[in-house]
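# Residue-level structure breakdown
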Amino acid sequence: MKGRLLLSAMLMGLLVGIVAWASPSLNNLVIGATQEPSNLCPWEGSADTKENVMGIFYLGLTYYDSKGVLYPGLATEIPTAENGRLVAFYDTAGNLIRQEVLWTIRSDATWSDGTPITTDDVLFTYEVQQTPELPISTRTYSDLIKEIIKVDNKSFWIVYKTPNLFYAAVAGSIGLARFGDIAPKHIWEPVYRQVMAQVKATPEKAAEIVEGQFLGAPPSIGTGLVVGSGAFKFEEWQINQFIRFSRRPGFFLGAPGAEANYLKEITVRFIVNQATLISAILAGEIEAADDICLAGQDPAVLAAQLGDRAVVETTASGFIEKLNFNLFPQCATAADLLLGDKRTRQAIIQAIDREDVATTVYPGAIVSNSFMIRGDVGFTDDVNQWAYDPEAAKALLAAIGWKDSDGDGWLERVSADGRTIEFDMHWVATVAAFRIRTGEILQEFLKEVGIKLEVENLPGSVLFSTEYLNHGSDCTWRGIVEYAEAGGIGQAPADPLSNELYANDLLAIPVTPLLENVPLLANGFGGTNIMGWINNRFDELRAQALKEFSEAKRVPILVEMQKIYNEELPTAPLYERSETVTKAAGLVNYTKGTAVARGQFWNAWEWGWAQNGAVAVR
Amino acid sequence: MLTYLVRRVLLVFPTLFVISLIMYGLLALKPGDPIDEMRRGNPGFTQEDYLRLRKFYGLDRPWYVRYWRWLGQAIQGNFGPSRQFGRPAAAYILQYRLPNTLLLSGLSLLLAFLVSIPAGVISALRQHTLLDYVVTVFNFVGVSLPIFWLGIMLIYIFAVVLHGFLPAGGFATPGLSGTWPVFWDHIRHLILPVAALSSLQLAQWTRFMRSSMLEVIHLDYITTARAKGLPERLITYRHALRNAILPLITLVGLNVPLLFSGAILTETVFNWPGMGRAIFDAILVNDFNIAMVSLMFISLLVILFTLLADVAYAIADPRIRYD
């Protein structure tokens, strides 16, 4: 009898947890993610892993909506020339030499502990951002700032010494903190001052002090008071498990109807294994997925599995999967394959049915022919579509001397010094399942035109290491390296006008050394132009575009850049990657809409359950 | 015995030194460093940023210089901070990962031990019966099924098909409060990963126990004991089992450290935040400090548990003597 009672109690206990997950009745939301931020420091961190989570409890000066329209966030309005908040100064030659932007923080903008957000927070944020002793990952935009001038407690001028086209955009482009633009001074200043004092006292231990006491400070790792500027406030962080947020009552951004109709709590659950995460979605433990965790999943399959319990949505990710060619003449293997001749690259792209590749390995992806993404300012589809045409590919290859002399199915040519070279090309990518499949498919397509593809898959930490990726001139990778890069964007910079395509930064003041962006021995293998592509006209246009505030005038520049790129093909774009998210039936306004919106979590204040009266506005 | 123990303990230090040197060297040889991780996540990352950060983190120094500095700090108990988690690496592992691994691995080991011994004994005593065949089939299945597949299948059946009867993974349900609900919630989260992780050990140890028992029960002294009229229960559990279990003790001792590091597949599938996963992730993202402290800890465990197994063997078998 006692045994049966115990067994019953245990079974009841097992069932207890079934109803413990969030549900519309609790007006909560559990979101699944495969990547967890390493800290909550507003200045430092990797974009992908942190941006979503930080976006729940931080709000920047501006934000993009699901249609790519920029709105003021913490700011009262977007600075423009029309409203007098953007002032540009030109020299007699018409070059933009100075730019001043006036911002005003909303009078009702406060931190989640009620402290007002003021200009002092801005000044402090910038001070920290530019502290040389701190390992801030990048200072690309903050280095453009000459000074910040306080007007009053809520208004300030940012004076840029070099033009910043993206002075009002998100993701740190303004030049303040990477996440949320403005950091809370009253929380971080004690930490910062103490760390700097210790660093000055024991400079030989600077790295340890900063890592342990700045990046590892309680507000950074969630063990102390964590405040943000967004619609939700931080509640708890169980490392490797979840982060929980609760709604800030009366936040100035809201949605139609009563605030009580919208989510009161959000939990982001971290499950690194995608299969386990999908199981949790199917089991109903997770009601929505972020825009990263379902990479490579077939939306149609997910939709069939979920039925009417959830909606599956795809959006452009802003990332373009592409084949990067080794164009370095120093790499003999690549030079032997004539990869430096654009006809070779044009032949290769025509030999691949990219539509087939996209639909097979990345359902929802769209074939790309540009370095920019659809929907962005200046994007054009009026370029060569490089349709799948193996006969045209063969003709091009024959025109530059490749032929199957011995009848074995593979192309050969005789070099100038009399060597017989077989078209045996190295292709390397990460070990992601969809890329392994891509390699297999490319092998088949290129075989049809006589190109032998030697595939190799490496862990990302090896492939993207400087010793590997930046040493194309040393033939570490000898043909093609495939990965996805953020599309060069004319409106909002994930990667401002494709960092990897220029060789000389003609915008930099002072002018940078020759080929600074091409990794070579002379510059210590620095730079992001890992293909070694040099096109002076492209560099000139890039510099022009980055100085042109008028979108109408910037568009033709961007169009010409795309035409050059499309003709030269330093990289062969395969497809624009899509992102798949799931959201439980009834969840409204949980949508990214466009890659320009940056992340899925841009509008947490609007999320809610229709069952609770939340109104769908997206 | 005491001399032997002292000698073995003293050997721990030079052993750990050599292991740490090899591990640090291997990690340093791997292409990539933490700065590459930063570069990947931040468009606009310049060569100046790269050089600045390399210098800041001391990565511009040769690996053996960095190792020497690390060793000096490690001897004082400072294993450096984790770049992934922003916390001291040792504290992070000991506070957040080790207890989870101890819980998961400990329960798996206990389950495997408690089930495999009686299962092996019964199977041996009832050799060639239906019960023996059933146990044998389960053993083969347990040895053959990959843990990650078994784990996914358990999740699919108990979480998806049975609509959340058991959780699909994780450590705890967010937002739950109250002593008993939290306790039962942890139990629920443990059931599937423990079952998956113990499956291989259980199958292996059952087979081992069965073989060992079969060997012992046919020895002359067992026949003599029966001839003398001793109760069968006494013969089995006092005489036969005691000798048959000796090799299993050694096996268990050698397997314990593996449970700490080898649970990576289980931890990945069930999203269990343990040490196995920590080591794997740390190596991939070049978080040297986490990787080193975890690997050193496991090395220490291997050394200690090997010693414990030897000592336990000597205690269990009076014929064994160490000098």
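Source: prediction; values computed, not measured.

## Looking at the nonpolar core
The biggest cluster of nonpolar side chains holds 240 residues, and the ones touching the most others in it are Ile31, Ile266 and Ala288 of chain A together with Ile93 of chain B. Broken down by element, the residue count for this core peaks at 12 residues, all from helix 8 (residues 179-217) of chain B. Residue contacts for Ile266 of chain A: discarding those within four places in its chain leaves Leu29, Ile31, Ile56, Phe232, Phe245 and Ala604 of chain A.

## Things to note about the interface of chain A and chain B
Counting residues at the interface gives 61 residues for chain A, matched by 59 residues for chain B. Taken together, the residues of the side of chain A that touches chain B sort by class into 26 nonpolar, 26 polar and 9 charged.

## Focus on the sheet that holds strand 4 (residues 86-90) of chain A
Residues and elements named next belong to chain A. If you trace the 4 strands from one edge of the open sheet to the other, you get 4-5-7-6, paired in antiparallel fashion. Strands with a single pairing partner mark the edges of an open sheet, and in this sheet they are strand 4 and strand 6 (145-150). On average, each strand axis in the sheet is tilted by 15° relative to the strand beside it, whichever way the strands run. Here strand 4 pairs with strand 5 (residues 96-104) via 5 bridges, running antiparallel. Each bridged residue has a counterpart across the sheet, and for Phe89 the counterpart in strand 5 is Arg98. Here helix 3 (residues 119-129) sits on the sheet in contact with strand 6 and strand 7 (155-160), set at roughly 155° to strand 6.

## Describing the pairing of strand 16 (residues 424-430) of chain A
Residues and elements named next belong to chain A. Within strand 16, 5 of the 7 residues are buried, which leaves it mostly tucked inside the rest of the structure. In this sheet, strand 17 (residues 452-458) lies alongside strand 16 in parallel orientation, the contact comprising 7 bridges. Bridging from a neighbouring strand, Trp427 pairs with Val455 of strand 17. Remark: the strand 16/helix 13 (residues 433-448)/strand 17 crossover connection has right-handed handedness. Where strand 16 lies against strand 18 (residues 480-486), 2 bridges are found, and the strand directions are parallel. What sits directly across from Trp427, in strand 18, is Ile480.

## Remarks on the pairing of strand 18 of chain A
Residues and elements named next belong to chain A. The buried count for strand 18 comes to 7 of 7 residues, which makes it a mostly enclosed element. Across the two faces of strand 18 the burial is the same, with Ile480, Glu482, Ala484 and Ala486 and Val481, Tyr483 and Glu485 all buried. Pairing between strand 12 (residues 310-325) and strand 18: 7 bridges, direction antiparallel. Opposite Phe319, over in strand 18, you have Ala486 as the bridge partner.

## A word on the packing of helix 7 (residues 274-282) of chain A against helix 7 (residues 147-161) of chain B
Where helix 7 of chain A meets helix 7 of chain B, the closest approach of the two axes is 9 Å, and the angle between their N-to-C directions is 10°. When the axes of helix 7 of chain A and helix 7 of chain B are compared, the pair comes out roughly parallel. Packed against helix 7 of chain A, whose contacting residues are Ala275, Thr276, Ser279 and Leu282 of chain A, the element helix 7 of chain B presents Ile152, Ile155, Tyr156, Ala159 and Val160 of chain B at the interface. Here the residues of the contact of helix 7 of chain A with helix 7 of chain B are counted per class, giving 7 nonpolar, 2 polar and no charged.

Each value, and the rule that gives it
Residues numbered from 1 in each chain as written. Chains lettered and ligands numbered in written order. Predicted model: local features only at pLDDT ≥ 70, side-chain atom pairs only at ≥ 80, totals over all residues. Core = buried A, V, L, I, M, F, W, Y, C linked by C-beta atoms within 7 Å. Buried ≥ 20, exposed ≤ 12 C-beta atoms within 10 Å, placed from the backbone. Helix = DSSP H or I, 4+ residues; strand = E, 2+ residues; numbered from the N terminus. Contact = placed C-beta atoms within 7 Å. Nonpolar A, V, L, I, M, F, W, Y, C, P; charged D, E, K, R; others polar. Pairing = 2+ DSSP bridges. Axes fitted to C-alpha atoms, helices over the stretch in contact; angles between N-to-C directions. Right-handed = clockwise from strand over helix to strand, strands pointing away. Parallel < 35°, antiparallel > 145°, perpendicular 65-115°, else oblique.

Fair warning: the whole summary comes from geometry, so function is off the table for now.
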